[in-house]
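Okay, here's what each chain looks like letter by letter:
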Number of protein chains: 2
Amino acid sequence: MTDNKITLPESEIPTHFYNIQADFPTPLPPALHPVTRKPVGPADLAPIFPMGLIQQEVSLEPTVEIPDQVRDIYRLYRPSPVYRARALEAALDTPAHIYYKSEHVSPVGSHKLNTALMQAWVNKQEGVKRLSTETGAGQWGCALACACKLMDLECMVYMVRVSYDQKPYRRIMVNTYGGNIVASPSELTEAGRRALAENPDSPGSLGLAISEAVEDAIKRDDTKYALGSVLNHVLLHQTIIGLEAMKQMEMAGEYPDYVIGCHGGGSNFAGLAFPFLKGRLKGTESKLRVIAVEPLSCPTLTKGTREYDFGDVAGNTPLLMMHTLGHKFIPPPVHTGGLRYHGSAPLVSHLLAGKFIEAEAYSQEDCFASAIRFAQCEGTIPAPESAHAIHSAIVHALEAREAGEKKVILFNLSGHGHFDMAAYEKYLSGKMGLDA
Amino acid sequence: MTDNKITLPESEIPTHFYNIQADFPTPLPPALHPVTRKPVGPADLAPIFPMGLIQQEVSLEPTVEIPDQVRDIYRLYRPSPVYRARALEAALDTPAHIYYKSEHVSPVGSHKLNTALMQAWVNKQEGVKRLSTETGAGQWGCALACACKLMDLECMVYMVRVSYDQKPYRRIMVNTYGGNIVASPSELTEAGRRALAENPDSPGSLGLAISEAVEDAIKRDDTKYALGSVLNHVLLHQTIIGLEAMKQMEMAGEYPDYVIGCHGGGSNFAGLAFPFLKGRLKGTESKLRVIAVEPLSCPTLTKGTREYDFGDVAGNTPLLMMHTLGHKFIPPPVHTGGLRYHGSAPLVSHLLAGKFIEAEAYSQEDCFASAIRFAQCEGTIPAPESAHAIHSAIVHALEAREAGEKKVILFNLSGHGHFDMAAYEKYLSGKMGLDA
C-alpha cells in the first residue's frame with residue numbers, strides 16, 4: 001500500500017530558495033517611486049527594509065541560499081508532508097489522483113512562517129532589534145510574532161481595529177509569542193493619531209495599519225518593517241514549499257497535471273507553483289496547468305487590469321506593475337480575509353501576462369461547500385483561503401471523471417481553519433449570502 | 001545533525017493495541033452494578049455499548065488487533081512524530097534531553113480521535129448506525145463527530161449548555177463534520193426535560209449530559225453510547241501512542257528516564273505510558289519514572305482516596321474502583337476542562353496503588369507559564385491540559401540541571417491550544433487567579 005503521507009527527512013529541507021526572476025524570458029517591470037515615478041533604488045527602500053532583503057527583491061541569481069539557522073528552525077515543522085487525498089478521491093469517484101502540500105502543519109497554522117523566519121533572520125544579521133508590521137485577520141501578525149521570538153527580536157503588530165475587536169484569538173496568539181500588538185488606528189503614530197482625531201471610533205483599515213507600521217519603522221533606528229506577501233523576496237522565501245513538493249511528487253512516482261494555489265497577495269500560490277514553472281519558462285514543459293484561484297468577490301487576476309498601481313489604499317507605497325482592481329477598491333467583507341487584496345504579486349502578474357499560469361475565480365459558497373467536503377473526507381478543516389484551492393482541485397477532478405482521464409492534481413493547503421469557525425457557522429446556518 | 005522530528009513510515013503504524021491488564025500482577029477490581037453492587041456483566045452493558053467493546057473492556061489477552069480499516073484511516077495523521085525539544089532544552093540550559101510525542105497533529109487537534117475511530121468501527125461492525133455522547137469543552141465531541149463521518153455513522157452530541165453558549169467554536173466544528181449537537185439539558189430526552197422543568201435556565205453539567213446521551217442510546221435501536229476516557233477499552237485504544245513512541249525513542253537511540261502525561265480521565269496519560277510500563281510490571285525495569293500530572297485544583301490521584309465510586313455525578317453509572325474526590329465533587333472552573341474530573345481511570349488507579357506510577361499536581365499559573373515558555377521555544381501553543389505535562393517535564397529537566405545529570409524525558413503533547421486562546425488571555429492579563 002502506498003503511503004498517504006509523503007514525508008521527507010529533515011536532511012532534505014532545501015538549502016536554497018528558487019528565484020524565478022532568473023528564468024523570466026522578459027524582465028519584471030521595476031517598482032516605481034510614488035512621487036518621481038522613476039524606478040526605486042535600494043536607497044529608497046533602506047529606511048524600511050534591511051539591505052539583504054532589498055538585494056533579494058531585485059536579485060537575478062537563480063538561487064538564494066537558506067542560512068543554516070533558518071533551516072534549523074524550519075525543522076520544527078519542515079519538510080511538511082504531501083498527502084494523497086484518497087478518501088476525497090473515493091467520494092468524488094474520480095480517476096484523478098489528488099495530492100496536497102500541507103502548510104497548515106506549521107506551529108502558527110499557515111505557510112506565513114516560512115518567510116517570517118527568513119525576514120527575521122536577515123534583519124537580525126544587520127543589527128535590527130525590532131520588526132513592525134500590520135495585520136488584518138491576524139495570520140501574518142502571528143507568524144511574524146512567532147518568528148521574532150524564535151530569532152530573539154521584538155515584534156510590533158498594528159492590527160486593524162475591527163479585527164482586533166472581533167477576532168481576539170489571533171491577537172492573544174501574538175501576545176503568547178511575546179509580541180506587542182495594538183489596534184490600528186493607534187495613538188502610537190502620527191498616522192494613527194490623525195485618523196483618531198478625525199474619527200475616534202474609526203474601525204481602521206489595512207492601508208492605515210500599513211501606514212502606522214511603516215512610520216514606526218522609519219522613526220526608530222532599531223526597527224525595520226516586514227511584509228507578509230506581494231513582494232518578490234516574500235514569494236522567493238515561499239518557494240521552499242514547491243521545492244519540497246517536487247521531491248515528494250517524485251517519491252510518489254507521479255508528476256502533476258495541475259498545480260493549484262489560492263491567490264490573495266500571491267505568496268502561497270507562488271510558493272508551491274514557482275518551482276514547477278521552471279520547465280514551462282524554459283520551454284521544456286508544456287502540459288502542466290498552473291492555476292491561481294481567487295474569490296469572485298475580489299477578482300484581481302481574472303477581472304483586474306495589469307498596470308502600475310499602489311500597494312496600499314493611501315497611495316504611499318512604490319507603484320507596482322500588477323493586476324489590480326484599483327488601489328481604492330474595497331473588497332466586500334468576505335470571510336477569506338487573506339484573499340481580500342486589490343492587487344497581486346508583480347511576479348504572479350508577470351507570469352499571468354505571459355500566459356505561463358491561469359487564474360480562476362469561485363464563489364465563497366462553492367468554496368465553503370468544498371471545504372466541508374474535504375473536512376468530512378480528510379479530517380482537516382481548511383482555512384477559507386485554502387478552500388479556494390480545494391474547490392478548484394475538486395472542479396478539475398470532476399472534469400477528469402467526465403473525461404475518464406487519470407489526472408494528477410496537486411494543491412496547496414496553505415492553512416487550517418481553527419480560527420475561522422465563525423465563518424463556517426455562517427455558511428452552515430445559511431447566513432453567508434452569495435458573493436457573486 | 002540528528003533530526004528534530006522522529007518520524008515513522010505508515011507501515012509502522014502498530015497492528016495491535018497493548019492490553020496492560022494482561023501484565024497486571026494482581027487483577028483489576030471489577031466494575032459493580034450501581035444497585036446490586038455485584039460485578040457488572042456483558043448483559044448489563046449491552047444496551048449502551050457494542051459487544052466488541054464490552055469484550056475489550058474485560059479482555060485479558062495481551063494484545064487486541066487494530067482492524068485494517070482503522071489503520072487505514074489512522075494514516076491521515078499517524079504515526080505522529082516524536083519531537084526533540086532542542087530550543088526548550090537550550091532555554092532551560094539543562095543537560096536533559098526532552099522529547100514529546102505530538103498527538104496535537106490529529107485533524108481534530110488531540111489524541112481523542114484514536115479511540116473515537118476504533119469505537120466507531122466496532123459499532124459499525126455490529127450494525128449500529130448512530131453514536132451518542134456527551135461533551136464538556138467539546139474536544140471529545142469533535143473527535144467522535146469526525147470519526148463517525150469518516151466511518152459513515154451518524155453522531156449525536158449533548159454539549160453542556162454553559163460550554164455550548166460560551167465556546168461556540170467546537171460546536172461549529174461538530175457541525176462541520178456533519179454531526180448533530182444540542183445544548184444539554186435538551187428537550188430530546190426525559191432527563192433533559194426534567195432538568196428544564198426544574199430550571200429552564202439550567203447551565204447543564206457533564207453528569208446531566210451523560211444521562212441524556214445514555215438515555216438516547218438506550219431508547220433507540222440504531223444507537224449506542226460512546227465514552228472518551230476512563231474506561232479500559234478507551235485507554236487500550238490510546239496505547240497506539242506509546243507503542244509508536246517506543247519505536248521512535250529506539251530510533252533516537254535513547255530510552256526515557258521519565259515518561260509524563262497529564263491526567264484527567266486518564267486516556268492520554270495511559271496511551272503514552274502503558275507500553276513503557278510493561279517492563280516495570282514484569283520486574284525487568286526499575287529505573288523508569290512514569291508520572292501522571294493533574295491540576296492542584298482537582299487532585300484526584302494526589303489527594304483522592306481509592307474506593308468504589310460512581311463515574312457520574314448522578315450516581316447512575318457502574319461503580320468503579322478508582323482514586324476519587326467523591327462523585328459529588330465539583331471542580332472549580334479552571335480552564336483545563338479536560339482535567340476537571342472527580343475520578344480517574346481504574347487502570348491508572350490500579351497502577352498508582354501498586355506504585356508502578358507516580359502522580360504530581362501543579363497550579364494552573366505554573367502550567368500556563370510553562371506552556372508559554374514552550375510555545376516561545378518550540379512554536380506550538382499547547383492545550384492547557386498538555387501544559388501540565390510540559391510543566392512537569394520542565395521541573396524534572398531543571399532538577400537534572402541542578403544534579404548535573406543527563407536525563408531523558410518524554411512527555412505527551414496531547415493537544416494544541418487553538419481553541420483555548422481565551423484561557424491564555426486570562427493568564428497573560430493576570431486575570432486567571434490562583435487555583436491553589
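Parameters and conventions
Residues numbered from 1 in each chain as written. Chains lettered and ligands numbered in written order. Predicted model: local features only at pLDDT ≥ 70, side-chain atom pairs only at ≥ 80, totals over all residues. Heavy atoms only, no water. Helix = DSSP H or I, 4+ residues; strand = E, 2+ residues; numbered from the N terminus. Buried < 20%, exposed > 50% of the residue type's maximum accessible area, 1.4 Å probe, protein only. Contact = heavy atoms within 4.5 Å. Lys, Arg positive; Asp, Glu negative; His and termini not counted. Charge placed at Lys NZ, Arg CZ, Asp CG, Glu CD. Pairing = 2+ DSSP bridges. Axes fitted to C-alpha atoms, helices over the stretch in contact; angles between N-to-C directions. Least-squares fit on C-alpha atoms with pLDDT ≥ 70 in both. Core = buried A, V, L, I, M, F, W, Y, C linked by side-chain atoms within 4.5 Å. pLDDT = per-residue confidence, 0-100. Expected span 1.5 Å × (residues − 1). Buried area = accessible area lost by both parts, 1.4 Å probe. Salt bridge = Lys/Arg side-chain N within 4 Å of Asp/Glu carboxyl O. Polar contact = N/O pair within 3.5 Å; in protein donor to acceptor, adjacent residues only side chain to side chain. Nonpolar A, V, L, I, M, F, W, Y, C, P; charged D, E, K, R; others polar. Phe/Tyr/Trp six-rings, centres within 6.5 Å; stacked < 30°, edge-to-face > 60°.

1. Some words on the overall build of chain A
- Regarding its fold elements, chain A presents 17 helices and 15 strands.
- Each principal axis of the C-alpha atoms in chain A carries an extent, and together these give about 60 × 50 × 40 Å.
- Sorting the 436 residues of chain A into buried and exposed places 64% on the buried side.
- Long-range pairs, those at least 24 residues apart, make up 75% of the contacts in chain A with a sequence separation of at least 6.
- A gap of 0 Å separates the mean positions of the 40 positive and 48 negative side-chain charges of chain A.

2. Section: the side chain of A:T300
Residue and element names in this part refer to chain A.
- Position of T300 relative to the elements: it lies in helix α13 (residues 300–303).
- With a relative accessible area of 2%, T300 lands in the buried category.
- When near neighbours in sequence (up to four residues on either side) are disregarded, T300 contacts E294, H323, T324, L325, Y341, H342, G343 and S344.

3. Some words on the sheet that holds strand β1 (residues 5–6) of chain A
Residues and elements named next belong to chain A.
- Spatially, β1-β4-β5-β15-β10-β11-β14 is the arrangement adopted by the seven strands of the open sheet, whose pairing is mixed. Each of the sheet's edge strands pairs with one partner strand only, and the pair in question is β1 and β14 (358–362).
- When strand β11 (residues 289–295) meets β14, the two strands line up parallel, connected through five bridges. The partner of P295 across the bridge, within β14, is Y362.
- Of the strands in this sheet, β1, β4 (82–84), β5 (97–102) and β15 (408–413) are in contact with helix α11 (residues 232–252), which crosses β5 at around 140°.

4. Brief notes about the relation of the copies chain B and chain A
- When chain B is fitted onto chain A, the two copies agree to an RMSD of 0.0 Å after a turn of 180° and an axial shift of 0.0 Å. In short, the pair behaves as if placed about a two-fold rotation axis. The C-alpha atom lying nearest the rotation axis in chain B is that of B:H418; the distance is 3.3 Å.

5. Observations concerning the nonpolar core
- Of all hydrophobic cores here, the largest spans 132 residues; its most connected members are A:Y74, A:F274 and B:F411.
- With nine residues, the single largest contributor to this core is helix α6 (residues 139–150) of chain A.
- In contact with B:F411, other than residues within four places in its own chain, are B:I98, B:Y99, B:Y100, B:K101, B:I260, B:L272, B:F374, B:A389, B:I390 and B:A393.
- The next biggest cluster of nonpolar side chains, apart from the first, holds 131 residues, and it includes A:Y362, B:L277, B:L288 and B:I357.

6. Points about the confidence of the model for chain A
- Residues of chain A with pLDDT of at least 70 account for 98%, and the chain-wide mean is 94.
- Scoring of the predicted complex yields 0.95 for pTM and 0.94 for ipTM.

7. A few points about the side chain of A:H104
- For A:H104, the position within the fold is in the loop between β5 and α5 (112–125).
- Contacts of A:H104, omitting those with residues within four sequence positions, involve A:G109, A:S110, A:T380, A:L413, A:S414, A:G415 and A:H416.

8. A few points about helix α10 (residues 206–219) of chain A
Residues and elements named next belong to chain A.
- Between its first and last C-alpha, α10 extends 20 Å over 14 residues, near the 20 Å set by a 1.5 Å rise per residue.
- Burial of α10 is extensive: 11 of the 14 residues sit out of reach of the surface.
- Along α10, the residues that are buried comprise G207, L208, A209, I210, S211, E212, A213, V214, E215, D216 and A217.
- Contacts made by the buried residues of α10 are with β6 (130–135), β7 (154–160), β8 (180–184), α9 (190–198) and β9 (223–225).

9. Some details on the interface of chain B and chain A
- Between chain B and chain A, the residue contacts involve 44 residues of the former and 44 residues of the latter.
- Across the chain B/chain A interface, buried area totals approximately 3,900 Å², and carbon plus sulfur atoms make up 56% of it.
- In terms of surface lost to chain A, no three residues of chain B exceed B:T176, B:Q376 and B:H418, which account for 17% of the buried area on that side.
- The tally of links between chain B and chain A comes to four salt bridges.
- A salt bridge links A:K5 to B:E10; its shortest N-O distance comes to 3.6 Å.
- The interface formed by chain B and chain A contains 21 residue pairs in polar contact (both at pLDDT 80 or more).
- Contributing elements (two or more residues each) for the side of chain B that touches chain A: α6 (139–150), α8 (168–176), α15 (364–378) and α17 (421–428) of chain B.
- Across the side of chain B that touches chain A, the residue classes tally to 22 nonpolar, 11 polar and 11 charged.

10. Points about unusual backbone geometry
- A:R78 connects to A:P79 through a cis peptide bond whose omega is -10°.
- Note on placement: A:P79 falls in the loop between α3 (68–74) and β4.
- Going from A:S184 to A:P185, the amide bond is cis rather than trans, its omega being 10°.
- The backbone phi angle of B:R37 is positive, close to 60°, even though this residue is not glycine.
- Mapped onto the elements, B:R37 comes out in the loop between β2 (16–18) and α1 (42–45).
- In this structure B:R37 comes out as exposed when scored by relative accessible area, which is 51%.
- Backbone geometry places B:D152, a non-glycine residue, at a positive phi of 65°.
- Structurally, the position occupied by B:D152 is in the loop between α6 and β7 (154–160).
- Using a relative accessible area of 63% as the deciding quantity, one classes B:D152 as exposed.

11. Re the environment of B:S59
All names here are of chain B.
- Mapping S59 onto the fold places it in the loop between α2 (51–58) and β3 (63–65).
- Residue S59 is classed as buried on the basis of its relative accessible area, which comes to 14%.
- Sequence separation between S59 and A31 is 28 residues; the distance between their C-alpha atoms is 14 Å.
- Other than its neighbours up to four places away in sequence, S59 contacts N19 and Q21.

12. Quick look at the pattern of salt bridges
All names here are of chain B.
- Taken as a whole, this structure holds 38 salt bridges over all chains when the rule is applied.
- Here D23 makes a salt bridge to K278, at a shortest N to O gap of 3.3 Å. You can see D23 sitting in the loop between β2 and α1 and its partner K278 sitting in helix α12 (residues 267–282), a full 255 residues away along the chain.
- By relative accessible area, which is 11% here, D23 ends up buried.
- Relative accessible area serves as the criterion here: at 33%, K278 is assigned to the partly exposed category.

13. Quick look at the packing of aromatic side chains
- Under the defined criterion, the tally for this structure stands at 19 aromatic pairs over all chains.
- Taken together, a centroid distance of 5.7 Å and an interplanar angle of 65° make the contact between A:Y169 and B:Y169 edge-to-face. Linking A:Y169 in helix α8 (residues 168–176) with B:Y169 in helix α8, this pair reaches from one chain into another.
- Residue A:Y169 is classed as partly exposed on the basis of its relative accessible area, which comes to 23%.
- Plain terms: the ring middles of B:F368 and B:Y424 are 5.1 Å apart, the flat faces sit at 80° to each other, and that makes the pair edge-to-face. Here the residue B:F368 occupies a position in helix α15, and B:Y424 occupies one in helix α17, the gap between them amounting to 56 residues. The pair B:F368 / B:Y424 is uniform in exposure class, with both members buried.

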